[in-house]
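Chain and residue survey
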Amino acid sequence: MSASVTVRVPAKVNVQLAVGAARPDGFHDLANVFLAVSLFDEVTATPADALTVTCEGPDSDQVPLDRSNLAARAAELLAARAGIEPAVHLHIAKNIPVAGGMAGGSADGAGALLACDLLWKLDTPREELLEICAELGSDVPFSLVGGAALGTGRGEFLTPVDAGRFHWVFAVADGGLSTPAVFREFDRLTAGTDVPAPEASPALLAALASGDADALAAVLPGSNGLQAAALSLRPQLAATLAAGADAGALAGLVSGSGPTTAFLVRDAESAAKVAAALEASGTCRATRVTSSPAPGATAVS
Ligand code: C5P
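The structure contained in this document is the topic of the report that follows. Bear in mind that the values here come from a model prediction, so they are computed numbers and not experimental data.

Considerations on the pairing of strand β10 (residues 286-292)
Within β10, 5 of the 7 residues are buried, which leaves it mostly tucked inside the rest of the structure. In this sheet, β10 lies alongside strand β7 (residues 166-172) in antiparallel orientation, the contact comprising 7 bridges. Within the sheet, the bridge partner assigned to Val172 lies in β10 and is Ala286.

Next comes the structure, spelled out in structure tokens:
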């Protein structure tokens, strides 16, 4: 058996997140246009006596190392399907903000799944890997697939979509936001209103395919149905969004359920300027400069 396998997995931003009313199972139907960005976690799987998880990186102290970690659950689910013991050590090199609305936990789940599949030489069919991903969480299938995709259902049914190249700056907030809490706040804010069935925006998909940053910037405002809920729970994010606009970003939005904010910028040069201005503004903890689309989970060794 090979010594270890390392898989690199991207973060995501939702260029559209249309949210429907709460379903009987508590989840919400979505029209979720996922875009993978060049900000990556790496998951390394190494044979061990028992399942263990370690994590390194600036926010690694916020990452649970028990069975609630999606990487650990991925190894357990895959091993159970294969009828083997999950005897593996998983090491996560964490760059994606924790509880930031960028699918960092989902990335680690997808990364661990692929790393264990390769380490254990199971050669699990892609469809089965995607099923396990969906069992792990709504965003995990996209972390495996990467690129750009429309997610429907609770986000787990994916259809690839075309995407040109775009540049992004992310502003990392102090502390995370709980995704269930943001959905609960969405339910509270929309109570008694008629929440329409979520639909992908043809104008947004066309702008995404075109690679024209101005066209995408024109359709981003209001595209995140969770933004009002995230701002309600974290009003300070309005100052971060204002600082990004002042710095010359073409558009800004809350990334998924937040509290990370995402700024579309024209090019790499503009990205560096906007990132510096955001850091100087004192309205965020850190910034990350990225581009999209990025590949999904990929073995790097
Ligand atoms: O699927 P996942 O475990 O990542 O979802 C975390 C939580 O986010 C769910 O328990 C639910 O509260 C909320 N959620 C939702 N509708 C979705 C996806 C997630 O309400 N489509």
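A closer look at helix α1 (residues 70-82)
Relative to the 18 Å expected for 13 residues at 1.5 Å per residue, α1 spans 18 Å between its end C-alpha atoms, a close match to the ideal helical length. Burial in α1 covers these residues: Leu70, Ala71, Ala72, Ala74, Ala75, Leu78 and Ala79. Packed against the buried residues of α1 are β3 (52-56), β4 (88-93), α2 (104-119), α3 (126-136) and α4 (140-145). Residue Asn69 occupies the N-cap position of α1, its side-chain oxygen lying 2.8 Å from the main-chain nitrogen of Ala71. A positive phi of about 70° marks Gly83, the residue just after α1.

Topic: the layout of surface pockets
Within this model, the largest pocket holds a volume of roughly 1000 Å³. Looking at which element gives the most residues to the lining of the largest pocket, the answer is helix α5 (residues 179-190), with 5 residues. Here the lining of the largest pocket is composed, by residue class, of 17 nonpolar, 19 polar and 7 charged.

Some details on the sheet that holds β10
Strands sit in the order β8-β9-β7-β10 across an open sheet of 4 strands; the sheet is antiparallel. Edge positions in the sheet fall to β8 (251-254) and β10, since each has one partner strand and no second. Going across the sheet, the axis of each strand differs from the next one's by a mean of 25°, ignoring polarity. Here β8 pairs with strand β9 (residues 261-265) via 4 bridges, running antiparallel. Bridge assignment links Gly252 to a residue of β9, and that residue is Phe263. Strands β7, β8 and β9 of the sheet are contacted by helix α9 (residues 237-246), whose axis makes an angle of about 10° with β9.

The rules behind these values
- Residues numbered from 1 in each chain as written.
- Predicted model: local features only at pLDDT ≥ 70, side-chain atom pairs only at ≥ 80, totals over all residues.
- Heavy atoms only, no water.
- Buried < 20%, exposed > 50% of the residue type's maximum accessible area, 1.4 Å probe, protein only.
- Helix = DSSP H or I, 4+ residues; strand = E, 2+ residues; numbered from the N terminus.
- Pairing = 2+ DSSP bridges.
- Expected span 1.5 Å × (residues − 1).
- Contact = heavy atoms within 4.5 Å.
- Polar contact = N/O pair within 3.5 Å; in protein donor to acceptor, adjacent residues only side chain to side chain.
- 1 Å grid on protein atoms, 1.4 Å probe; cavity = no way out; pocket = protein on both sides within 12 Å on 5 of 7 lines; lining within 4 Å.
- Points joined across faces, edges and corners; volume = space filled by probe spheres on them.
- Nonpolar A, V, L, I, M, F, W, Y, C, P; charged D, E, K, R; others polar.
- Axes fitted to C-alpha atoms, helices over the stretch in contact; angles between N-to-C directions.

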